[in-house]
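Secondary and tertiary structure notes
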Amino acid sequence: MTRRALLTGITGQDGSYLAEHLLSEGYEVWGLVRGQANPRVPRVRRLLQDVRLVRGDLLDQGSLISAVEKVQPDEVYNLGAISFVPMSWEQAELTAEVTGMGVLRMLEAIRVCSGITGSRGSADGQIRFYQASSSEMFGQVRETPQTERTPFHPRSPYGVAKAYGHFLTQNYRESYGMFAVSGILFNHESPRRGAEFVTRKVSLGVARIKLGMATELRLGNLEARRDWGYAGDFVRAMHMMMTAETPEDYVIGTGRTHSVRELVEAAFGAVGLDWERYVVHDRSLHRPAEVDLLCADPKKARTQLGWEPTVSFEELVAMMVEADLRLLSDGEDPDQYSPWP
Ligand code: NAP
Ligand code: G4F
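Everything numeric in this text was worked out from a predicted model, so none of it was measured.

**As for the overall build of the protein**
Within the protein, the regular secondary structure consists of eleven helices and 13 strands. Taken against the 2.2 N^0.38 rule, which gives 20 Å for 341 residues, the C-alpha radius of gyration of the protein at 20 Å falls within 12% of a compact globule. In terms of overall dimensions, the protein has C-alpha extents of about 65 × 45 × 40 Å along its principal axes. For the protein, the exposed area adds up to about 15,300 Å²; of that, 46% sits on carbon and sulfur atoms. Once the 38 positive and 45 negative side-chain charges of the protein are each reduced to a mean point, those two points are 2 Å apart.

Put into structure tokens, the structure is as follows:
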């Protein structure tokens, strides 16, 4: 029997990679799209021709119930969110509604459509649920590296909303016996990453400078450290969690950490330029509260799921810079209308 998956966040980075992966595994893939004329839908139609679309919004409970009823999925991947951390200070309430309460609405849609009314049923034959949790929940980290048992200390409204969604997913598993899992994913990037995130801002900035289209790149905190991996590797982990025998939460990351400064060095180095001649440190890009250091301990995913990342930090940076050189040379600029500095 063909398995059916419903993805929220299909127009985002992870939605596109996960859809491709699930299609390659023989799934029928459905993507939830919001809005009356969402400008990112034509890109999804171009990139993912075999994905079917269903309308709905994480802000609208009824639309999620209708989507689940229509698609009758075996698996639901909740990737939709306000995912840009600085935006979560500017629009904290919206972030709470989409990134936090959206998880409740999706879980409720599954619960209602599955007819789960009592407590602790059996997970057999139920719709399986994946929640896109985040290493931002660790925030001001209590220990390094971070594991599934590291306590949370979120530092942004986004991190707080993700922590709510994370605990709620655990709670539905414990309350209703649902097959509901959270992947605590560390930063993962690709040529499809949004231009507002630092890796893509850097790869686009380097490509513009190399092509003579810009003379400087303005960045905030160069000392922050992240565990950056490749999105294509990380979506495989999502699917592995959902097809495991038991529903459990996993930390997914490479186990290596680099500073923004090292990212910049590697990206400019990939095209033979000295970053110090072009990067301008801009204090206005610092955050009200920063997450200084993230580094995963992915041992549980390695031993229980057999998951391994395949792309190194250096390969990832080179891949992104090369892709942006090609894109800009072809006359495209994904950052053209970005509202973010
Ligand atoms: P992304 O590129 O920013 O995509 C976010 C998606 O959420 C978009 O498809 C967007 O759709 C959708 N969305 C926003 N508001 C919505 C609403 N009201 N209803 C339904 N959908 C809505 O994010 P990503 O990098 O692919 O990340 C996927 C998920 O993983 C997110 O939940 C993110 O928080 C989480 N995460 C990401 C990382 C990472 O490093 N990438 C790490 C940990 C966790 P529109 O086109 O309609 O705006
Ligand atoms: O690329 P970023 O904006 O990603 P951030 O805040 O770590 O969040 C991403 O990863 C999370 C997982 O840990 C996800 F949950 C979340 O949805 C998102 O995908 O910033 C990375 C670091 C920060 O410390 C930031 O202060 O880069 C620093 N940075 C320095 N200059 C900058 C800039 N970030 C951005 N976006 N732009 C700058 O100019």
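**Let's talk about the packing of aromatic side chains**
Evaluation of the coordinates by the stated rule reveals eleven aromatic pairs. On the numbers, 5.3 Å between centres and 80° between planes, the contact of Phe84 with Phe197 is edge-to-face. One end of the pair, Phe84, is in the loop between strand S4 (75-78) and helix H4 (85-90); the other, Phe197, is in the loop between strand S7 (188-189) and helix H7 (198-210), with 113 residues separating them in the sequence. Connected via pairs of aromatic rings, a cluster forms that spans Phe138, Phe152, Phe167 and Phe186. Just above the ring of Phe179 sits the side chain of Arg128; from NZ or CZ to the centre is 3.7 Å. Taking NZ or CZ as reference, Arg192 lies 4.1 Å from the ring centre of Tyr17, over its face.

**Section: a positive patch on the surface**
On the surface, a cluster of positive charge is made up of Arg34, Arg40, Arg43 and Arg46. Mapped onto the elements of the fold, Arg46 is located in helix H2 (residues 41-47).

**A closer look at the site of ligand 2**
Close to ligand 2 lie 23 residues, the nearest being Ser134, Ser135, Tyr158, Arg287 and Glu290. At 2.8 Å from a nitrogen atom of ligand 2 is found a main-chain nitrogen or oxygen belonging to Gly220. For ligand 2, the accessible surface in isolation is 710 Å², of which the surrounding protein chains cover 95%. Here the shell around ligand 2 is built from residues that sort into ten nonpolar, six polar and seven charged.

**Thoughts on the nonpolar core**
Core analysis: the largest hydrophobic core is formed by 64 residues, its most contacted members being Leu7, Tyr77, Tyr130, Met241, Ile252 and Phe268. Apart from residues lying up to four places away in sequence, Tyr130 is in contact with Val76, Tyr77, Asn78, Leu79, Val181, Gly183, Leu185, Met238, Met241 and Met242. Residues Leu64, Ala67, Phe84 and Phe197 belong to the second largest nonpolar core, which totals 28 residues.

**As for the site of ligand 1**
Around ligand 1 sit 26 residues, and of these Thr11, Asp14, Arg34, Ser83 and Tyr158 come closest. With respect to ligand 1, the side chain of Asn38 contributes an N or O atom lying 2.9 Å from an oxygen atom. Here an oxygen atom of ligand 1 sits 3.0 Å away from a polar atom, N or O, in the main chain of Ala81. Look at ligand 1: alone it shows 910 Å² of surface, and the protein chains cover 92% of it. When contributions to the shell around ligand 1 are tallied by element, the ones reaching two or more residues are helix H1 (13-24), strand S5 (128-134) and helix H6 (157-176). Examining the composition of the shell around ligand 1, we find that three residues originate from one element, S5, more than from any other. Across the shell around ligand 1, the residue classes break down as nine nonpolar, eleven polar and six charged.

**Here we look at unusual backbone geometry**
Cis geometry is adopted by the peptide bond preceding Pro145, which originates at Thr144 and carries an omega value of 0°. Mapped onto the fold, Pro145 is located in the loop between S5 and H6.

**Details of the sheet that holds strand S3 (residues 52-55)**
Ordered by their spatial adjacency, seven strands build an open sheet running S3-S2-S1-S4-S5-S6-S11, and the pairing between neighbours is parallel. Each edge of the open sheet carries a strand with a single partner, namely S3 and strand S11 (250-252). Across the sheet, the mean angle separating the axes of adjacent strands is 25° when strand polarity is ignored. Note that S5 and strand S6 (residues 180-185) share six bridges and pair parallel. For Ala132, the partnering residue across the bridge sits in S6 and is Gly183. Across the sheet, helix H5 (residues 92-114) touches strand S1 (4-8), S4 and S5, and the angle it forms with S5 is around 170°. Across the sheet, H6 touches S5 and S6, and the angle it forms with S5 is around 150°.

**Observations concerning the pairing of S5**
Where burial is concerned, most of S5 is hidden: seven out of the seven residues are buried. Alternating residues of S5 divide into Arg128, Tyr130, Ala132 and Ser134 and Phe129, Gln131 and Ser133, and every residue in both groups is buried. As paired elements, S4 and S5 share four bridges and run parallel to each other. When the sheet's bridge partners are listed, Val76 is paired in S5 with Phe129.

The rules behind these values
- What you see as residue numbers is a count from 1 along each chain, following the sequence as written.
- Chains and ligands are labelled sequentially in the order written, the chains with letters from A and the ligands with numbers from 1.
- Per-residue local features are limited, in this predicted model, to residues with pLDDT of at least 70; the limit for side-chain atom pairs, both in listing and counting, is 80 or more; totals at the level of whole chains, interfaces and linings are taken over all residues.
- Side-chain numbers come from the whole structure's heavy atoms, not from hydrogens or water.
- For the purposes of this entry, the term helix denotes a DSSP run of H or I that reaches at least four residues, the term strand denotes a run of E that reaches at least two, and both are numbered from the N terminus.
- The globule rule used for comparison is 2.2 Å times the number of residues to the exponent 0.38, while the radius of gyration itself is calculated over C-alpha atoms.
- Surface exposure here means Shrake-Rupley accessible area, sampled with a 1.4 Å probe, where a residue is shielded only by the protein chains that are shown.
- Residues scored as positive are Lys and Arg, those scored as negative are Asp and Glu, and His as well as the terminal groups of each chain are ignored.
- The atom standing in for a charge is NZ when the residue is Lys, CZ when it is Arg, CG when it is Asp and CD when it is Glu.
- Each aromatic pair joins two rings of Phe, Tyr and Trp (for Trp, the six-membered one) with centres within 6.5 Å, and gets the label stacked for planes under 30 degrees apart, edge-to-face for over 60, and tilted for any other angle.
- Here, a charge over a ring is recorded when the distance from Lys NZ or Arg CZ to the ring centre is within 6 Å and its angle to the ring normal is within 35 degrees.
- Patch building starts from residues that exceed 30% relative accessible area and form no salt bridge, then joins like charges within 9 Å and nonpolar side chains (Val, Leu, Ile, Met, Phe, Trp, Tyr) within 5 Å.
- Here, a salt bridge means any side-chain nitrogen of Lys or Arg that lies within 4 Å of a carboxyl oxygen of Asp or Glu.
- Think of it this way: one heavy atom of a residue within 4 Å of a molecule or strand is enough to make that residue near it.
- Polar contacts, as counted here, are pairs of nitrogen or oxygen atoms within 3.5 Å of one another; within protein the pair requires one atom able to donate a hydrogen and one able to accept it, and residues that are adjacent in sequence qualify only if both atoms are side-chain atoms.
- Only Asp, Glu, Lys and Arg are considered charged in this grouping, and only Ala, Val, Leu, Ile, Met, Phe, Trp, Tyr, Cys and Pro are considered nonpolar; every other residue, Gly among them, is considered polar.
- The criterion is simple. A nonpolar core is a set of buried Ala, Val, Leu, Ile, Met, Phe, Trp, Tyr and Cys residues joined through side-chain atoms within 4.5 Å.
- Throughout, exposure labels follow a simple rule: accessible area from a 1.4 Å probe, protein chains only, divided by the maximum for the residue type, with under 20% read as buried, over 50% as exposed, and the rest as partly exposed.
- Contact between two residues is taken to exist if any of their heavy atoms lie within 4.5 Å; hydrogens are not considered.
- Here, a strand pair is defined by DSSP locating no fewer than two bridges between the strands.
- The convention used is that axes are lines fitted to C-alpha atoms, helices contributing only their stretch in contact, and that angles between N-to-C directions extend from 0 to 180 degrees.

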